[in-house]
Each structure stands twice: as structure tokens, then as C-alpha cells.
Amino acid sequence: MTFVNQQIILAERPKGMPDSSTFKFVEKDIDELKEGQILVKTLFVSVDPYMRGRMEDAESYIEPFQVGEVIEGGAIGEVIESKSDLFQQGDVVTGMFGWQQYYAANEKEIRKIDPSLAPISTHLGILGMTGLTAYFGLLEIGQPQEGETVVISGAAGAVGSTVGQIAKIKGAKVVGIAGSDHKISYLKDELGFDEGINYRTAKDLANEVKRACPEGVDVYFDNVGGEVSDAVLTRLNRFARIPVCGAISSYNLEGADIGPRVQATLIKKSALMQGFTVGNYSERFHEGAKQLGQWLQEGKLKYRETIKEGFENIPNAFLDLFKGKNIGKLLVKVADRQYGK
Ligand code: NDP
């Protein structure tokens, strides 16, 4: 049987903020499966800030997207046909098959997930790439100690909201910086953050950080860069640690991001600032996912997802990341399961 596969390809490389001309919807037939192949129907697609970087033709830790090619990214799907002994119809799988409705996968490109443990979408969020980013970035680089103050930017997003809760589990005082009062209430009332700062309405951000962190900042988990980070860096304690996870405030800038130089601050405070990508810890993903799953089951970790519906809404959902429209992980639901609940 031949399936018509809707795909979203990179139509052109964006300058500044991507828009509708960045993406193009196309249709392509999927032919008969070859021996060893598995046909996967996409159920959930992940939209992630790092995908903006892959739209540039620039050297990075990951290959750029190619113009005319499907936008690659994390997704969850259901096996609807299999010519592999390792996968059966109805299996739920995850892989990097990206923004398309069907994918003919090879055995090594997908991995089964257990739908009985938690909602399957969590494998793109708290139990997936963003949860692992929070876990390893905070614990390996941030190393929060009991009683220390941990500040997180992008705090109400997928990574940030998990970082704050792990820091609480470790006994730290946690301060979240996010872009709306609604998000700050969520952090304090639902996730147990001690303090919150709305960076969009704060008149003097450095002063706000001072108010929220009277004992200074021991760990700054940086998801956004830019002026928010400039303000936090004014309040570092000696031997502070700064896991540099993301810099979303600069992803759509056309030129270089200019700001205060950090060297003198780092020297004065003997502070450690270290960039990382979650892939650095790939050999320990199993350990991280196990611990996150355990905390989730024990009720020590909570999560929220912002789920948009419909394949046609994937590009707009991606753009919503830069408008702060999500709380927790932003996902697009593309289809319901056909063979299971
Ligand atoms: P989020 O769920 O946090 O979504 C993005 C959020 O960023 C928005 O909701 C918005 O919240 C905030 N934001 C958008 N534009 C700006 C801006 N100009 N200034 C400040 N905040 C802004 O995304 P993720 O949790 O998936 O990712 C968070 C960060 O971590 C990103 O920078 C991402 O690139 C990075 N990352 C890094 C990884 C790694 O391996 N190093 C892996 C995964 C993610 P608000 O309303 O608060 O503005």
C-alpha cells in the first residue's frame, strides 16, 4: 500500500525571525517497505529552540538543515507496518523523524517506549531530551548544594521548570525568571519555587535579582543569555557555577549579540561558566531517565505541556517558542493512536 506523506521542508534560510516563507508543505509517496524497515505514523512532534540554529548554514555541534529537506526533530509515532522482527504494529516509538506524517525507518533510527509508564508525550519532554538537559546541566555543572541560591532563566519552559524542581529536591533556594506574571505564579504556586521575577515588567532587573537573592547567586542556569543574564551576573557569589544551556534571546538576531564582557566578573568571583549540550551525556541517558521517572512517580517532579493540535500548525507552534506562548514543553499533536490507547 502506498501512503501519501505530508512533509514540512525548509524552503529558505531565515534572516532574523523565521516566518511562513521559511517553511513549505509538500507531499511525497512512501513506497513499499524494504526488508528491515518499519513504517511509523507520527503522533507527536517536538518543536525546540535549537532548531532555529540548524536553519543557519553555520558550523555547530549538529549539522545544519538543508534547504529542500524535511525539518528533522524529535517525534513520537506508532508502528503501522513492520518488516522488522524487532518492531510490531502498535509499538510506540521515538526517533528524529521530524516534521512529517509518516516515516519509513530503519531499525537503528527508532526506539520503543513503554506507553504504560507515563503519557507518551513525556518522552519528548520531562522524560526525554529537555528533562535530561535539565538533569545533567544542573547536577554535573551547577552542582547545587543545600541552602545555596539557584537562579534559572527561561524558568517556566521545558528545561527551566525541570531545573528548578531538581534544585528544590537538592535543598536549594530557587529563583525563576520568566516572561509573565502568570508564569511566575505557576512557578511559585505549583512548582514550589521560592521567588520569581518577570523580566518583561521589571524596571531594574539587577535590582530585582538583588531583592530575590539577598544572599547572592551560587548557581545560574542560563537558558536565555542577553540582558537577563547580564543582570544575574552582577549578583554572583564566589565560586558560583553557571551552566550555559541556551541563549534564546539571541537566536533570531541578525548580527552579533553585544553586551558586557564577563571575564572580570568571572575572575573576581572565581566563577565557572560552562556551555554544554545534552548530547555530551548520551552514555548516561539511561541513568538520567531512570531518576527523572522515579521522581515523577514519587510526585517530586511535576510537569506541564503546551500541546497544539494539527500537523498544519507545526511551524506556528515553533514560532510560539520565541513569543513565550508556552508553559512547559511545547508539542504538536499530529494524530491519535490507531492500534492502542
Ligand atoms: P522553552 O520551553 O523554555 O521555550 C522557550 C521560552 O524561552 C519561551 O517560552 C520564552 O519564555 C523564552 N524566551 C523566548 N524568547 C526570549 C527572549 N528573547 N528572552 C528571554 N526569554 C525568551 O524551551 P526549552 O526549555 O526547550 O529550551 C530552553 C533553552 O534551553 C533554549 O535556549 C534552548 O535552546 C536550550 N536547550 C539547550 C539544550 C542543550 O543541550 N544545551 C537542550 C535543550 C534546550 P518567556 O515567556 O519566559 O520569555
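Residues numbered from 1 in each chain as written. Predicted model: local features only at pLDDT ≥ 70, side-chain atom pairs only at ≥ 80, totals over all residues. Heavy atoms only, no water.

### Section: the layout of surface pockets
- The computed volume of the second largest pocket comes to approximately 540 Å³.
- Lining the second largest pocket are 26 residues, and of these Q7, K28, V70, Q100 and Y103 lie nearest its centre.
- Elements that contribute at least two residues to the lining of the second largest pocket include exactly β1 (3–10), β2 (23–30) and β6 (102–105).
- A class-by-class count of the residues in the lining of the second largest pocket yields 10 nonpolar, 7 polar and 9 charged. (1 Å grid on protein atoms, 1.4 Å probe; cavity = no way out; pocket = protein on both sides within 12 Å on 5 of 7 lines; lining within 4 Å. Points joined across faces, edges and corners; volume = space filled by probe spheres on them. Helix = DSSP H or I, 4+ residues; strand = E, 2+ residues; numbered from the N terminus. Nonpolar A, V, L, I, M, F, W, Y, C, P; charged D, E, K, R; others polar.)

### Section: the site of the ligand
- Among the 29 residues in the neighbourhood of the ligand, the closest are listed as K183, Y199, Y251, V278 and N326.
- Separating a nitrogen atom of the ligand from a backbone N or O atom of C245 is a distance of 3.0 Å.
- Between the ligand and V278 there is a distance of 2.7 Å, counted from an oxygen atom to a backbone nitrogen or oxygen.
- Against a free-state accessible area of 910 Å², the protein chains account for coverage of 91% of the ligand.
- Elements with a minimum of two residues in the shell around the ligand: α2 (129–142) and α3 (158–169).
- The greatest single-element share of the shell around the ligand, amounting to 3 residues, is contributed by α2.
- Residues that form the shell around the ligand fall into these classes: 16 nonpolar, 11 polar and 2 charged.
- Mapping the shell around the ligand onto the domain boundaries places at least three of its residues in each of domain 1 (4–125 + 304–333) and domain 2 (129–280 + 290–294). (Near = heavy atom within 4 Å. Polar contact = N/O pair within 3.5 Å; in protein donor to acceptor, adjacent residues only side chain to side chain. Areas by Shrake-Rupley, 256 points an atom, 1.4 Å probe, with all protein chains shown as cover. Domains from an automatic or database assignment.)

### Thoughts on a negative patch on the surface
- A surface patch of like charges, here negative, comprises E27, D29, D31 and E32.
- The residue D31 is located in the loop between β2 and β3 (38–46) in this model.
- With a relative accessible area of 57%, D31 lands in the exposed category. (Patch = residues over 30% accessible without salt bridge, like charges linked within 9 Å, V, L, I, M, F, W, Y side chains within 5 Å. Salt bridge = Lys/Arg side-chain N within 4 Å of Asp/Glu carboxyl O. Lys, Arg positive; Asp, Glu negative; His and termini not counted. Charge placed at Lys NZ, Arg CZ, Asp CG, Glu CD. Buried < 20%, exposed > 50% of the residue type's maximum accessible area, 1.4 Å probe, protein only.)

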